[in-house]
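# Summary of structural features
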Amino acid sequence: MKLIFAGTPEFAAAALRQLIAAGHEIPLVLTQPDRPAGRGMRLKPSPVKEVALAHGLRVAQPEKLRGNLEAQQMLRDVGADLMVVAAYGLILPQDVLDIPARGCLNIHASLLPRWRGAAPIQRAILAGDKETGITIMQMDVGLDTGDMLSIHPVAISADETAATLHDKLAACGADAIVETLGRLDAIAPQKQPEEGVTYAQKLSKAEAEVDWSLPAEDVARAIRAYNPAPGAFTQLHGEPLKLWLASAEAGSAEPGEVVSADADGVLVGAGQGLVRLAVLQAAGGKRLAARDFVAGKSLPRGTRLGV
């Protein structure tokens with residue numbers, strides 16, 4: 001099948017690799033413009049661009065598609081059967097959705113209509129969902145409101161982070177789009193249910209500051225959900241302390257109070273229960289397992305985390 005592919009991060013790059021391996025013709029790849037990254041703030045290509053160039057595919061990086069007549073004409077000139085979209089980062093107006101002969105398909109990282117929007121992976125963990133997945137969806141101008149072509153459930157484990165769930169869903173999405181395209185003519189698109197709609201709002205750095213007054217389960221899930229970005233954090237002696245992995249357990253202490261700190265973790269009180277911190281990062285330091293962190297930093301019982 002002749003495809004235009006539109007995507008930017010590694011989640012999308014996984015799908016592009018699989019489509020290439022499956023033998024689809026991809027005369028054009030759309031991705032976000034190169035962005036400054038790293039300490040030197042040098043322009044860095046997106047993972048999708050890197051995959052496309054490695055396979056000799058043509059890449060375009062328009063700043064926008066809405067009202068961009070030159071970019072829209074470029075898409076028409078391709079004569080594609082379909083556009084496959086995965087975490088592209090630009091809104092596709094109706095003029096663009098109508099260009100491919102069979103429209104545009106989106107690889108969405110949730111079981112729609114749950115978690116429409118920008119951060120479905122993190123929001124699923126934050127909410128304590130036991131399952132999420134991939135939905136292959138026919139795109140329309142709404143926010144993830146199009147008809148569903150296929151759904152592919154993925155379990156969320158008890159110790160899941162956004163990083164590990166991202167990788168599971170990226171692999172699932174790559175397989176799902178190839179499988180769906182392979183039987184596209186036999187699929188009857190299904191309307192999304194009207195019940196069960198939730199929205200995955202974009203993440204902010206401010207919300208990643210730990211609220212120790214919350215139940216331990218909520219705190220631990222938040223720490224895992226914000227790993228790798230924006231990174232959960234608290235305060236230790238007035239300095240930021242990043243938290244990367246945590247679990248909840250029974251017990252009680254004042255919210256933010258350190259109960260113990262040893263090789264098994266840093267145990268901290270929450271609004272209900274205790275939070276065991278397994279991976280921590282002091283300001284200016286590296287991520288460390290608890291055993292290494294406590295070896296270099298004293299955290300006596302009664303130390304308070306947070307403001």
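By the naming in an unreviewed UniProt entry, the protein chain goes by Methionyl-tRNA formyltransferase and is assigned to Chromobacterium phragmitis. Under the heading Function (unreviewed entry), UniProt records this for the protein chain: "Attaches a formyl group to the free amino group of methionyl-tRNA(fMet). The formyl group appears to play a dual role in the initiator identity of N-formylmethionyl-tRNA by promoting its recognition by IF2 and preventing the misappropriation of this tRNA by the elongation apparatus." Check the Sequence similarities (unreviewed entry) section of the UniProt entry for the protein chain; it says "Belongs to the Fmt family."

### Thoughts on the UniProt feature "binding site: (6S)-5,6,7,8-tetrahydrofolate" (unreviewed entry) in the protein chain
Residues annotated in UniProt with the feature "binding site: (6S)-5,6,7,8-tetrahydrofolate" (unreviewed entry) correspond here to Ser110, Leu111, Leu112 and Pro113. Along the chain, the position of leucine 112 falls in the loop between strand S7 (104-108) and strand S8 (116-117). Classification of leucine 112 as buried rests on a relative accessible area of 6%. Filtering out sequence-adjacent residues up to four positions away, leucine 112 remains in contact with Thr135, Met137, Asp144, Met148 and Gln192. Here proline 113 is to be found in the loop between S7 and S8. When its relative accessible area of 7% is taken as the criterion, proline 113 is described as buried.

### Quick look at the sheet that holds strand S5 (residues 59-60)
The sheet built from seven strands is open, its strands ordered S5-S2-S1-S6-S7-S9-S10 with mixed pairing. Among the strands making up the open sheet, the edge pair consists of S5 and strand S10 (148-155). Pairing geometry for strand S1 (residues 2-7) and strand S2 (residues 25-30), over four bridges, is parallel. Pairing of alanine 6 across the sheet is with leucine 30, part of S2. Here helix H3 (residues 69-78) sits on the sheet in contact with S1, S2, S5 and strand S6 (82-86), set at roughly 170° to S2.

About the thresholds
- Residues numbered from 1 in each chain as written.
- Predicted model: local features only at pLDDT ≥ 70, side-chain atom pairs only at ≥ 80, totals over all residues.
- Heavy atoms only, no water.
- UniProt positions renumbered as here; feature names shortened; annotations may be inferred.
- Helix = DSSP H or I, 4+ residues; strand = E, 2+ residues; numbered from the N terminus.
- Buried < 20%, exposed > 50% of the residue type's maximum accessible area, 1.4 Å probe, protein only.
- Contact = heavy atoms within 4.5 Å.
- Pairing = 2+ DSSP bridges.
- Axes fitted to C-alpha atoms, helices over the stretch in contact; angles between N-to-C directions.

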